[in-house]
Amino acid sequence: MKKNKIIVISILILVTLYFVLDRQLFYYGKNDIDIYKSLPLKIKPENRLDFEGGFSLEDEYGFSLISKGECQYVHSEIKLNVKEIINYGYNDETLIVFIEDESGSKYFIEFLKNNDIHSKQDISVNIQNESTSIDLEKFKWIEIKNNESQIRKLELFRNYTLIIISISILILIFKLGIRRKKISG
């Protein structure tokens, strides 16, 4: 009976750890469970296969706002061919993505709530050069480009946690089944 309690407590701790790790992976679009609050403007990180553009940020309808490849925004004459999403930052109302285009130029792409009542767009987009002064301290930043190994480690740890949870549940069910047989037998 004492072993069963230890197993149950271990399972609860591991499930909590699993949710914490999965929550961290949400910011990289690699979460398993889709219960987390989205970023501002209902933007959601998504990790796709490399030939589909890899990491992207999508709106609430699943349309890609930014990913590798060509991006053109309404009311903007700038066309960007995104080579790399370096990182992104967010606060309660705004999301900023720092990217590098194919020519090696770097830009900040700012997504904010569109306050123009004549527009049918929910999100307004501002594209600014790297040299533009932005108060970066106002945002919580998520590193994408140079963080691949850390992301893989988190993902691996989360997956191992899930395997251990599954094995622990099977052991608990097996132990309870044997105990029930002994009582009824």
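A brief structural summary. From a predicted model like this one, the values you see are computed outputs, not experimental measurements.

Reading the values: the criteria
Sequence order as written defines the numbering, with residues in each chain counted from 1. pLDDT decides what is reported in this predicted model: residues at 70 or higher carry local features, side-chain atom pairs at 80 or more are listed and counted, and totals for whole chains, interfaces and linings draw on all residues regardless. Each side-chain value is derived from all of the structure's non-hydrogen atoms; neither hydrogens nor water enter the calculation. Nine residue types can take part in a nonpolar core, namely buried Ala, Val, Leu, Ile, Met, Phe, Trp, Tyr and Cys, and a core is a set of them joined through side-chain atoms within 4.5 Å. Residue burial is assigned from relative accessible area. The probe radius is 1.4 Å, only protein chains are included, and a residue is buried under 20% of its type maximum, exposed over 50%, and partly exposed in between. Working definition: helices are DSSP H or I runs of at least four residues, strands are E runs of at least two. Numbering for both runs from the N terminus. Only strands that DSSP links by at least two bridges are regarded as paired with each other. Under this scheme, a helix contributes an axis fitted over its contacting stretch, all axes are lines through C-alpha atoms, and angles between N-to-C directions fall in the 0 to 180 degree range. Exposure above 30% relative accessible area and the absence of a salt bridge qualify a residue for a patch, where like charges join within 9 Å and nonpolar side chains (Val, Leu, Ile, Met, Phe, Trp, Tyr) within 5 Å. Computed by Shrake-Rupley with a 1.4 Å probe, the accessible areas treat only the displayed protein chains as cover when residues are assessed. Just to be clear on terms, a salt bridge is a Lys or Arg side-chain nitrogen sitting within 4 Å of an Asp or Glu carboxyl oxygen.

Observations regarding the nonpolar core
Then, in step 1: In terms of nonpolar packing, the biggest core is built from 30 residues, with Ile66 and Tyr88 touching the most fellow members.
Then, in step 2: Every element with two or more residues in this core is listed here: helix H1 (2-26), strand S2 (55-58), strand S3 (64-67), strand S5 (79-90), strand S6 (95-101), strand S7 (106-113), strand S8 (123-129) and helix H2 (148-184).
Then, in step 3: Among the elements that make up this core, the one with the highest residue count is S5 (5 residues).
Then, in step 4: Judged by nonpolar contacts, the second largest core, of 5 residues, contains Ile86, Phe98, Phe108 and Phe139.

Quick look at the sheet that holds strand S1 (residues 44-47)
Then, in step 1: Spatially, 3 strands are ordered S1-S2-S3 in an open sheet, and the strand pairing comes out antiparallel. Looking along the sheet, the strands with just one partner apiece sit at the ends: S1 and S3. Here the average twist between neighbouring strands, direction ignored, is 30°.
Then, in step 2: Pairing analysis gives 3 bridges linking S2 to S3, with the strands arranged antiparallel. Bridge pairing links glutamate 58 to serine 64 in S3.

Some remarks on a nonpolar patch on the surface
Then, in step 1: A cluster of nonpolar side chains, contributed by Leu156, Tyr160, Ile163, Ile167 and Ile171, occupies part of the molecular surface with about 470 Å² of accessible area.
Then, in step 2: By the element assignment, isoleucine 163 lies in helix H2.

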